[in-house]
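# Architecture and fold: a report
Listed here are the chains, written in short residue letters.
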Amino acid sequence: MKGIVFTEFLEMVEIKFGLETVDNIIENGHLPSEGIYTSVGTYEFNEMVTLITNLSEETKIPAGDLIYAFGLYLFAGLANSHPEVIKNYNSPLGLLYCIEDHIHVHVKKLYPDAELPTFKILDKTDTKIVMVYSSSRGLYRLAHGLIEKAFEHFGGSATITYDLLKEDGTEVKFDIVQNG
Ligand code: HEM
């Protein structure tokens, strides 16, 4: 998993829960990198799992809810670090439609060792999109937060529902309907 995900995560934890919590979740971790990340480095996905598990224990907030909150936080971090990746889109549905074939393709050029999910589009109209998230990491709640923020980025909002096609969350269908 790319370092930018870790640096953004720890930044969110510091803002929402304070520096002491950041220290605690790192120290309880037995983390190979000892909690030191650079945005261009690559670290084991397991380290992120450990950080989230520790944060969940520390805050008593379910891990899934923390991952969703992180998705909400991460969108701006990615968009600000790589404005060129999203500058050509003028609508949230257009952006979502292009994650698989353009946005994450671009990300793969920036970070050749990035481990990205796939999004298969099942249906798209002017007001809605249906797509299936697949990833061995099962970070569908992260995807949910990112999708929600994509709408806010363009000044809108959406009603987002999802169905787990696989119980472990490695395949999840999203129904996304633009509001208004
Ligand atoms: C990883 C979804 C837009 C860059 C991920 C992951 C998800 C995701 C769920 C976690 C990995 C996994 O689940 O296997 C989305 C969605 C987007 C979006 C739903 C739009 C709403 C973007 C944009 C950028 C970006 C705009 C860059 C400007 C990345 C990077 C990673 C990532 C760097 C980390 C890869 C790694 O750790 O190896 N994305 N993404 N994504 N995405 Fe996206």
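A quick note: this is a predicted structure, and the numbers were derived from the prediction, not measured.

## A short note on the packing of aromatic side chains
A ring pair, where both rings are aromatic, is described by two values, the distance of the centres and the angle of the planes. Under the defined criterion, the tally for this structure stands at seven aromatic pairs. Both rings, one in phenylalanine 6 and one in tyrosine 43, keep their centres 5.5 Å apart while their planes meet at 70 degrees; by these two values the pair is edge-to-face. Residue phenylalanine 6 is located in helix H1 (residues 3-17), and its partner tyrosine 43 is located in the loop between helix H2 (19-27) and helix H3 (45-59); the two are separated by 37 residues in the primary sequence. We classify phenylalanine 6 as buried; its relative accessible area is 0%. Their ring planes at 85 degrees and their centres at 5.2 Å tell us that phenylalanine 9 and phenylalanine 70 sit as a pair that is edge-to-face. On the criterion of sequence distance, the pair formed by phenylalanine 9 in helix H1 and phenylalanine 70 in helix H4 (residues 63-81) is long-range, its members being 61 residues apart. With relative accessibility at 1%, the residue phenylalanine 9 sits in the buried group. Three or more aromatic residues joined by ring pairs form one cluster here, namely Phe6, Tyr37 and Tyr43. Looking at lysine 124, its charged tip hangs above the ring of tyrosine 97, at a distance of 5.3 Å from the centre.

## Looking at the domain arrangement of the chain
Segmenting the chain into domains produces domain 1 (3-61) and domain 2 (88-178). The interface is formed by five residues belonging to domain 1 together with four residues belonging to domain 2. Both faces considered, domain 1 and domain 2 share a buried interface measuring about 410 Å² in area, 66% of it formed by carbon and sulfur atoms. The largest share of the area that domain 1 buries against domain 2 comes from Ile4, Thr42 and Phe45, three residues that together contribute 75% of it.

## Section: the site of the ligand
In the vicinity of the ligand lie 28 residues, with Lys2, His104, Glu115, Tyr133 and Ser135 positioned nearest. Here an oxygen atom of the ligand sits 2.7 Å away from a polar atom, N or O, in the main chain of lysine 2. In this structure, an oxygen atom belonging to the ligand sits 2.7 Å away from a main-chain N or O atom of glutamate 115. Under a 2 Å grid-point criterion requiring more than half of the atoms, the pocket assigned to the ligand is the largest cavity. Contributions of two or more residues to the shell around the ligand are made by helix H5 (83-86), helix H6 (92-97), helix H7 (99-110) and helix H8 (140-153). Per-element accounting of the shell around the ligand gives the leading share, five residues, to H8. Residues of the shell around the ligand, tallied by class, amount to 22 nonpolar, three polar and three charged.

Calculation criteria
Residues numbered from 1 in each chain as written. Predicted model: local features only at pLDDT ≥ 70, side-chain atom pairs only at ≥ 80, totals over all residues. Heavy atoms only, no water. Phe/Tyr/Trp six-rings, centres within 6.5 Å; stacked < 30°, edge-to-face > 60°. Helix = DSSP H or I, 4+ residues; strand = E, 2+ residues; numbered from the N terminus. Buried < 20%, exposed > 50% of the residue type's maximum accessible area, 1.4 Å probe, protein only. Lys NZ or Arg CZ within 6 Å of the ring centre and 35° of its normal. Domains from an automatic or database assignment. Contact = heavy atoms within 4.5 Å. Buried area = accessible area lost by both parts, 1.4 Å probe. Near = heavy atom within 4 Å. Polar contact = N/O pair within 3.5 Å; in protein donor to acceptor, adjacent residues only side chain to side chain. 1 Å grid on protein atoms, 1.4 Å probe; cavity = no way out; pocket = protein on both sides within 12 Å on 5 of 7 lines; lining within 4 Å. Sits in = over half its atoms within 2 Å of the grid points. Nonpolar A, V, L, I, M, F, W, Y, C, P; charged D, E, K, R; others polar.

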